[in-house]
Amino acid sequence: VQALRSRIGLNTINLTRAWRRGKIANKRPKKVALPENAMDNATLLALVKTRLEKEVFAAENKKLFQLLAEQVDEGMTLIGYTGEANDTEAVEEWMTSNWNY
């Protein structure tokens, strides 16, 4: 407050007087009743995660599965992968059943 007073003038900001006169109320925001259809945090988090997986990560995951399948065809080893080289669906199955990503 002192810094503001020095920048814009002494009489412009006088919070102490306004506070004492009741011009500034020490009010907290009112609690708002949540609607009946409001979600708890766990439900909201699950919905956000599902939406991100579908709308953001799904396309990127497909690219990853394709890239890995191509690299297996080039000789890369994926530990535990027993599918054919260049089989994107098999790589996807291997990733989704064995990895928590």
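Conventions adopted
Residues numbered from 1 in each chain as written. Predicted model: local features only at pLDDT ≥ 70, side-chain atom pairs only at ≥ 80, totals over all residues. Heavy atoms only, no water. Helix = DSSP H or I, 4+ residues; strand = E, 2+ residues; numbered from the N terminus. Buried < 20%, exposed > 50% of the residue type's maximum accessible area, 1.4 Å probe, protein only. Contact = heavy atoms within 4.5 Å. Salt bridge = Lys/Arg side-chain N within 4 Å of Asp/Glu carboxyl O. pLDDT = per-residue confidence, 0-100. Phe/Tyr/Trp six-rings, centres within 6.5 Å; stacked < 30°, edge-to-face > 60°.

**A closer look at the environment of alanine 69**
Here's step 1: Structurally, alanine 69 can be placed in helix α3 (residues 41-73).
Here's step 2: Take alanine 69: its relative accessible area is 0%, and that puts it in the buried class.
Here's step 3: Taking the C-alpha atoms as reference, alanine 69 lies 8.7 Å from glutamate 89; in sequence the two are 20 residues apart.
Here's step 4: For alanine 69, the residues in contact, after removing those within four places along its chain, are Ala85, Asn86, Asp87, Thr88 and Val91.

**Describing the pattern of salt bridges**
Should their charged atoms come close, side chains of opposite charge can pair.
Here's step 1: What the rule picks out here adds up to three salt bridges.
Here's step 2: Glutamate 55 is the partner of arginine 51 in a salt bridge, and the nearest nitrogen-oxygen pair spans 3.0 Å. Note that arginine 51 and glutamate 55 are positioned in helix α3 at a spacing of four residues, about one turn of the helix.
Here's step 3: Taking relative accessible area as the criterion, glutamate 55 reaches 55% and is therefore assigned exposed.
Here's step 4: When the shortest N-O distance is used, the salt bridge between glutamate 92 and lysine 62 registers 2.9 Å. In this pair, glutamate 92 is assigned in helix α4 (residues 88-98) and lysine 62 in helix α3, connecting sequence segments 30 residues apart.
Here's step 5: Given the relative accessible area of 24%, glutamate 92 is considered partly exposed.

**Overview of unusual backbone geometry**
Here's step 1: A positive phi angle, near 65 degrees, is found at asparagine 86, a position not held by glycine.
Here's step 2: Mapped onto the elements, asparagine 86 comes out in the loop between α3 and α4.
Here's step 3: Asparagine 86 gets classed as partly exposed once you look at its relative accessible area, which sits at 41%.

**Comments concerning the confidence of the model for the protein chain**
Here's step 1: When pLDDT is averaged across the protein chain, the result is 79; 66% of the residues are at 70 or more.
Here's step 2: Model confidence for the protein chain, summarised as mean pLDDT per element, is weakest for helix α2 (residues 15-20) at 58 and strongest for α4 at 93.

**Some words on the packing of aromatic side chains**
Here's step 1: Counted by the stated rule, this structure contains two aromatic pairs.
Here's step 2: Residues tyrosine 81 and tryptophan 94 carry aromatic rings whose centres are separated by 6.0 Å and whose planes lie at 75 degrees to one another, so their mutual orientation is edge-to-face. Of the two residues, tyrosine 81 is situated in the loop between α3 and α4 and tryptophan 94 in helix α4; the sequence distance between them amounts to 13 residues.
Here's step 3: Here the aromatic rings of tryptophan 94 and tryptophan 99 are separated by 6.0 Å at their centres, their planes lie at 65 degrees, and the arrangement is edge-to-face.
Here's step 4: The class for tryptophan 94 is buried, based on a relative accessible area of 9%.
Here's step 5: Taken together, the aromatic side chains of Tyr81, Trp94 and Trp99 make up a single cluster linked through ring pairs.

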